[in-house]
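Below, each chain spelled out in residue letters.
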Amino acid sequence: MSRKRVHWSLLTAGLLGLLVPRGTLAQAPQDKQGFLRDYSTGPGSFPTLLAPYQQQSLSPLVLENSTRLHDLIRDGKLELSLSDALALALENNLDIAVQRYVKPLAETDILRAKSGTGLISSSGGGGGGVSVSPSGSFDPNVNLSFSWDRVSAPLNNIVVEGTPTSISYAAAFSASYSQLFPTGTNYTFTTGGTRRSSNTNTLFNPSVSTNFSLGINQPLLSGFGKLPYTRNLLIAQNNGRTSEETFRLQVVTSVVAVENTYWDLAASKESVRVAEQSLAVAQKLLEDNKKQAEIGTLAPLDVVSSESEVANRERDLIVAQTNLQLNETKLKNMLVKRVEPELDAASIAITDQMPEPRDPDIPELQGALANALRNRPDLRQQEGSLQNQHITEQFSDRSLLPSGSVFGLLAGSGLRGNSCPVSKDASGNCPIPPATAGATDSLGQTYGLDFPEYAGGFSMAVPIRNRAAQADSLQAQLQSNQMEVGLRKSQNQVSLEVRQAIIGLVQGKAQVQAAHEAARLASQTLDAEQKKLQAGVSTPYQVILRERDLVTAQQAEVQTIVGYSKALVEMDRSMGTTL
């Protein structure tokens, strides 16, 4: 499989990892239908009015391996191409699965910021003056209350009150509505009423009193404009975009690890093949030497040397097989949520060969640098953090100003009830049926502004010397400068990594070509030495030395090829083009 096809498969799988329904790729937060959700909006009130007050449900957590894994196991072998390995990693890798929650969690911060909760705190005027304190959030808030009360109290004046014991009943209701707007304007509307009845002499008995008030507050100076009230939302939205880069960085990290481990496993298999071949050659030499020793044409010491070489080759084969098993175990762990018995017993059959060097593999330097600065997710993470710091810097500059606000108040009240239209008799009773009036009449007085209240004013708080705000402003500017320097440092580091990756590819290509030539010449030298031994002009020990040279050359050839394969992976990572 070509590199182009492999990376196209990776791109497709990566996009599917973000878009496809549940059950195909690794578990992520989803709705009941199994599709990826946007948690920054919250549930709507239509058609279910109670939806905002109910817990949202997530689909059940899935910690089982994807079906693709079982489909690839045949006859006790896991037949694995590089694209299959990458797809399995995107479906099952737990590091990626953990990072899938970063974006949904960031979206919940956006949802909270949209509510405007905790943006302002109440503060009122002093000295007994009228004031309207800031209150509310972007999400309107409704408060309702009802109370019933019975009070019995002794009286010390029967002439005025008409009874030695006062017994009164009261039922009260109140409602309020408050809201904050992104400009800082906030208002509160309150209305309520109380129905009272008593056995004492009162003008209205029972009576109904009602009231309403509408208060508006607009911050000025440090609290003026949208920034103080949308700052948290702007940062949360920016963090939401940065969370995508966090997830992308984890995917890149996992993909690079899988690719490198895949090529390590391919190299291990080649090392086992080389060790097996070298063992077979050493065993063949040992058999030939034994035959010659039996007929007396070879010294017994040469047989011992051949036996020693066979033992060395057996040792090398065991080491190669051990490394193969370790790399198999490591790769399996990257591709599953849990290792199942079927997978544990299966061996991995690598179906892709390690790539040979090609001239198109080495990119042009300036183009590679441009790709890296544009695509690297770690750089975009830092850029997002810097944007957040600029928002904080603007907010701290605004906070240098004194705080102030203007407010206005409109209120009305009413009082009606049953009343005697004439003077009461000596017993306190009305000689004619009393005139009746109730809540409707009282509300008419209230909202007809028969008894109005109008108020307005301003308040201001001026911190003398203003050292706390000055410190916050200076700190924000210094942190912005620090992050600018850090971003430039990271950009330089990325440029260095790109240059190093290109150098690695150039040198890797030359090393592979040299290793191929060295292995070819070592093989020819061994053949020549074996022919000389058959002709009687060489010794078994010289053949053993040539065998060792060939093994060394072949192992070096494997290492240079796997090094070049990893250099290709590093080139993509450094340019930010892995995905």
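Residues numbered from 1 in each chain as written. Predicted model: local features only at pLDDT ≥ 70, side-chain atom pairs only at ≥ 80, totals over all residues. Heavy atoms only, no water.

So, the overall build of the chain
On a plain count of helices and strands, the chain comes out with 14 helices and 9 strands. When burial is assessed residue by residue, the chain has 39% of its 579 residues classed as buried. Across the chain, the fraction of contacts at a sequence separation of at least 24, relative to all contacts at a separation of at least 6, is 76%. Counting only carbon and sulfur atoms, one obtains 56% of the accessible surface of the chain, whose full area is about 31500 Å². (Helix = DSSP H or I, 4+ residues; strand = E, 2+ residues; numbered from the N terminus. Buried < 20%, exposed > 50% of the residue type's maximum accessible area, 1.4 Å probe, protein only. Contact = heavy atoms within 4.5 Å. Areas by Shrake-Rupley, 256 points an atom, 1.4 Å probe, with all protein chains shown as cover.)

Points about the sheet that holds strand β4 (residues 165-180)
What the 6 strands build is an open sheet, ordered β3-β4-β5-β6-β8-β9; its pairing is antiparallel. The open sheet terminates on both sides in strands that have one partner only, identified here as β3 (141-154) and β9 (452-461). Sheet twist, expressed as the average angle between the axes of neighbouring strands with direction ignored, equals 15°. Looking at chain direction, strand β5 (residues 186-198) and strand β6 (residues 207-221) are connected through 11 bridges and run antiparallel. Of the residues in β6, the one forming a bridge with Thr 188 is Gly 215. Docked against the sheet, helix α12 (residues 439-447) engages β5, β6 and β8 (403-417), running at close to 145° with respect to β8. (Pairing = 2+ DSSP bridges. Axes fitted to C-alpha atoms, helices over the stretch in contact; angles between N-to-C directions.)

Some words on the pattern of salt bridges
A full pass over the atoms with the stated rule returns 25 salt bridges. The closest approach of N and O atoms between Lys 103 and Glu 244, which form a salt bridge, is 2.9 Å. Taken together, the residues span a long stretch of sequence, with Lys 103 in helix α5 (residues 102-115) and Glu 244 in helix α7 (residues 227-294) at a distance of 141 residues. When its relative accessible area of 27% is taken as the criterion, Lys 103 is described as partly exposed. The class for Glu 244 is partly exposed, based on a relative accessible area of 32%. (Salt bridge = Lys/Arg side-chain N within 4 Å of Asp/Glu carboxyl O.)

Re the pairing of β5
Pairing of β4 with β5, which is carried by 13 bridges, proceeds in the antiparallel orientation. Bridging across to β5, Gln 179 finds its partner in Tyr 187.

A short note on α12
Buried within α12 we find Ser 442, Gln 445 and Thr 446. Seen from one end, α12 has its buried residues packed into an arc of 100°, which puts them on one side. Structurally, α12 contributes buried residues whose contacts are with β6 and β8. The first or second residue beyond α12 is Leu 449, which carries a positive phi of 55°. (Arc of directions from axis to C-beta.)

Section: the environment of Gly 486
Within the element layout of this structure, Gly 486 appears in helix α13 (residues 467-535). Once the C-alpha coordinates of Gly 486 and Gln 382 are considered, the two residues, 104 residues apart in sequence, prove to be 8.4 Å apart.

Focus: a nonpolar patch on the surface
A cluster of nonpolar side chains, Leu 220, Leu 221, Phe 224, Leu 401, Val 406, Phe 458, Met 460, Val 462 and Ile 464, forms an exposed patch at the surface whose accessible area comes to about 890 Å². Elements with a minimum of two residues in the nonpolar patch: β6 and β9. In this structure, Leu 401 sits in the loop between α11 (377-398) and β8. Accessibility expressed as a relative area gives 40% for Leu 401, which makes it partly exposed. (Patch = residues over 30% accessible without salt bridge, like charges linked within 9 Å, V, L, I, M, F, W, Y side chains within 5 Å.)

Structural notes on the packing of helix α3 (residues 82-92) against α7
At a closest axis distance of 10 Å, the pairing of α3 and α7 adopts a crossing angle of 140°. With respect to each other, α3 and α7 are oriented oblique. As α3 runs across α7, the sense of the crossing is right-handed. Where α3 abuts α7, its residues Leu 82, Ala 85, Leu 86, Ala 89 and Leu 90 lie against Val 251, Val 255, Val 258, Glu 259, Tyr 262 and Trp 263. Its residues assigned to classes, the contact of α3 with α7 shows 10 nonpolar, no polar and 1 charged. (Parallel < 35°, antiparallel > 145°, perpendicular 65-115°, else oblique. Left-handed = near helix turned anticlockwise from the far one by under 90°. Nonpolar A, V, L, I, M, F, W, Y, C, P; charged D, E, K, R; others polar.)

Regarding the sheet that holds strand β7 (residues 347-350)
Pairing within the open sheet is mixed, and its 3 strands lie in the order β1-β2-β7. Strands at the two margins of the open sheet, each flanked by one partner only, are β1 (73-74) and β7. Here α7 sits on the sheet and contacts β2 (77-80) and β7; the angle it forms with β7, its principal contact strand, is near 90°. Most of the contacts of helix α8 (residues 300-335) go to β7, to which it runs at about 90°, and overall it touches β2 and β7.

A look at α11
Across its 22 residues, α11 extends 32 Å between first and last C-alpha, which sits within 8% of the 32 Å expected from 1.5 Å per residue. Turning to α11, its buried residues number three or more, namely Pro 377, Leu 379, Gln 381, Gly 384, Leu 386, Asn 388, Gln 389, Ile 391, Glu 393 and Ser 396. (Expected span 1.5 Å × (residues − 1).)

Re the packing of α8 against helix α14 (residues 540-575)
Following both chains from N to C, one finds α8 and α14 inclined at 15°, their axes separated by 9 Å at the closest point. Taken together, the axes of α8 and α14 are roughly parallel relative to one another. Pair α8 / α14 crosses with left-handed handedness. Contacts between α8 and α14 involve Asp 302, Ser 305, Ser 306, Glu 309, Asn 312 and Arg 313 on the former and, on the latter, Pro 540, Ile 544, Glu 547, Arg 548 and Val 551. By residue class, the composition of the contact of α8 with α14 is 3 nonpolar, 3 polar and 5 charged.

Side note on the environment of Gln 530
Within the fold, Gln 530 resides in helix α13. When its relative accessible area of 28% is taken as the criterion, Gln 530 is described as partly exposed. Here the alpha-carbon distance between Gln 530 and Leu 285, two residues 245 residues apart in the chain, equals 9.2 Å. Apart from residues no more than four positions distant in its own chain, Gln 530 is found in contact with Val 281 and Val 543.

Describing the confidence of the model for the chain
When pLDDT is averaged across the chain, the result is 86; 88% of the residues are at 70 or more. Confidence drops under pLDDT 50 across residues 31-35; counting only partners more than four residues distant or on other chains, this segment forms 7 contacts. Scored below 50 in pLDDT, residues 122-127 shows 6 contacts in the model against residues more than four places distant or in partner chains. (pLDDT = per-residue confidence, 0-100.)

Comments concerning the packing of aromatic side chains
Tallied over the entire structure, the rule returns 6 aromatic pairs. Where Phe 212 meets Tyr 447, the ring centres are 4.9 Å apart and the plane angle is 10°; that geometry is what we call stacked. Placement of the pair is Phe 212 in strand β6 and Tyr 447 in helix α12, with a sequence separation of 235 residues. You can call Phe 212 buried: its relative accessible area is 8%. These aromatic residues form a ring-pair network of at least three members: Tyr 177, Phe 181 and Tyr 187. (Phe/Tyr/Trp six-rings, centres within 6.5 Å; stacked < 30°, edge-to-face > 60°.)

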